[in-house]
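Next come the chains, spelled out residue by residue.
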Amino acid sequence: MKRNNIINQRLIEKCQEIIRIPGESGKEKGVACFLKKIMEEVHYDQVWIDDWGNVVGKIFGQGTFNLLLQGHMDTVSVEDKNSWHYPPYGGIIRNGNLYGRGSSDMKSALTAMVLAGAEFVSRKEELKGNLVVAGVVNEEIFEGVAQGKVLDQINPNLVILGESSDLKLCIGQRGRAELQITTYGKSVHSANPDEGINAVRNMVRLFNALENIYLPSDDSIGKAILELTDIHSFPYPGRSVIPAKCLATFDRRLLPGETEDQVIQPIQNEIEKLLKKDSNFKAEAHAVEARGPCYTGRTLSAKRFFPGWSFREGERFIQEAKKALKKVGFSEQISHYSFCTDGSQSAGIRKIPTIGFGPSQEKLAHIRDEYIKISQIEAAYHGYIALIEAFLIEEK
């Protein structure tokens, strides 16, 4: 009991420390160095930071099976520090909760993974494979892209994501696509609107049409989503000018198996219908291509189309994970993520067996006064140990 209390105290202290290190996407260097230092202090066999800035720690076992526990180091930004009741980078504990940006999403889970891995440094002879823990960069912007760099280095047989699941076993997720729709017009003085073509009016017509397009549904994961997230007109500001272009961004939440063509085609169909009614109507739609900096100086470039994924509950690795978690007191309930995770790469693209298990709830990510329950951090730590034992240590 005394040893458990010491372990829990150290775990929470490290979670407080990591929250005090800002780590927005592209600025994770301090967090990476902090995790690397912990891994070295607890004697992981090999620790490195790759050229994209991912930090990776490895404990060598006796076989070829590679188990990867993974989380992202980056957080979303803090837009208004003064609106927080607790300092966003304070790591303050109140009433059993740990407050701060990244506490729930997902520095606490990542720290718990690193320290859970440390429990097996002295048990290397028992491991029937290699244990790897990794913190990746830029997940909030490019789900799975930086994870792909880690996968190339590790070639894992199984990936465990630490994203918030309320300590339930997740076996799938919705994916995410960022779609850009542009309507075109003809600029004239707004005193003579009939001489021009208003691109914003054309966008409104397309919006109305998109309200009725078919969105598929999945019994386990739910319905696909198409939601407007921003809109711009050009020129801006449009003082006495009819806009010649209007650009809108949509967040499209994807179901497993949906392709880019399948997502774009219904929108294209509505564009073509409007064109048949009005030869002056002109619009186009595509998935956004984006670039983002790594703190190492490298640049990530990717299309923002991150697939959904799902595995059948009967899969052997899922049953083994379920059994291991049940053995140490966790719920047998199987769940799915509503948001997008790095699993888009490991499971969605590469089809690597992937599960999710993490502390806290999805709804606590990205909010003001973000927090996580201390009890959930401690429970997740023990859950990670149980999962590592299930996949890397022979049952006696």
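As a reminder, the structure under discussion sits directly above these lines.
Residues numbered from 1 in each chain as written. Predicted model: local features only at pLDDT ≥ 70, side-chain atom pairs only at ≥ 80, totals over all residues. Heavy atoms only, no water.

Caption draft 1: Main features of the layout of surface pockets. The calculated volume of the largest pocket comes to roughly 620 Å³. E389, A390, F391, I393 and E395 are the residues nearest the centre of the largest pocket, which is lined by 21 residues in total. Contributing elements (two or more residues each) for the lining of the largest pocket: helix 7 (316-327) and helix 9 (374-392). For the lining of the largest pocket, the element with the most residues is helix 7, which contributes 6 residues. Of the residues belonging to the lining of the largest pocket, the class tally is 10 nonpolar, 1 polar and 10 charged. (1 Å grid on protein atoms, 1.4 Å probe; cavity = no way out; pocket = protein on both sides within 12 Å on 5 of 7 lines; lining within 4 Å. Points joined across faces, edges and corners; volume = space filled by probe spheres on them. Helix = DSSP H or I, 4+ residues; strand = E, 2+ residues; numbered from the N terminus. Nonpolar A, V, L, I, M, F, W, Y, C, P; charged D, E, K, R; others polar.)

Caption draft 2: Just helix 3 (residues 103-118), in detail. Between its first and last C-alpha atoms helix 3 spans 21 Å; for 16 residues at 1.5 Å apiece the expected length is 22 Å, and the two agree. Counted residue by residue, helix 3 has 16 buried out of 16 residues, so it is predominantly covered. (Expected span 1.5 Å × (residues − 1). Buried < 20%, exposed > 50% of the residue type's maximum accessible area, 1.4 Å probe, protein only.)

Caption draft 3: A look at the nonpolar core. Counting 89 residues, the largest nonpolar core has L35, L67, L69 and Y384 as its most contacted members. Counting residues per element, this core draws most heavily on helix 9, at 11 residues. When neighbours within four sequence positions are excluded, L69 is seen to be in contact with M113, L131, V132, V133, A134, I160, Y384 and I388. (Core = buried A, V, L, I, M, F, W, Y, C linked by side-chain atoms within 4.5 Å. Contact = heavy atoms within 4.5 Å.)

Caption draft 4: Region of interest: the sheet that holds strand 5 (residues 97-99). Across the sheet, which stays open at both edges, the 3 strands sit in the order 4-5-21 with antiparallel pairing between neighbours. The open sheet has two edge strands, strand 4 (93-94) and strand 21 (371-373), and neither has a second partner. Here strand 5 pairs with strand 21 via 3 bridges, running antiparallel. Across the sheet, residue N97 finds its bridge partner in strand 21, namely K373. (Pairing = 2+ DSSP bridges.)

Caption draft 5: Highlighting the environment of S346. Positionally, S346 belongs in helix 8 (residues 343-349). On the basis of relative accessible area, S346 is assigned to the buried category, the value being 0%. Along the primary structure S346 and V145 are separated by 201 residues, whereas in three dimensions their C-alpha atoms are 9.7 Å apart. With residues up to four places along the chain from it excluded, the contact list for S346 reads Q147, L151, V159, K351, I352 and T354.

Caption draft 6: Summary view of the pattern of salt bridges. Throughout the structure, instances matching the rule amount to 23 salt bridges. With its nearest N and O atoms 2.8 Å apart, the salt bridge here joins R253 to D251. This pair shows no difference in class: R253 is buried, exactly as D251 is. A salt bridge links E270 to K273; the nearest nitrogen and oxygen atoms lie 3.3 Å apart. Of this pair, E270 and K273 both sit in helix 6 (residues 260-277), separated by 3 residues, roughly a single helical turn. Since its relative accessible area comes to 14%, E270 is described here as buried. What makes K273 partly exposed here is its relative accessible area of 48%. (Salt bridge = Lys/Arg side-chain N within 4 Å of Asp/Glu carboxyl O.)

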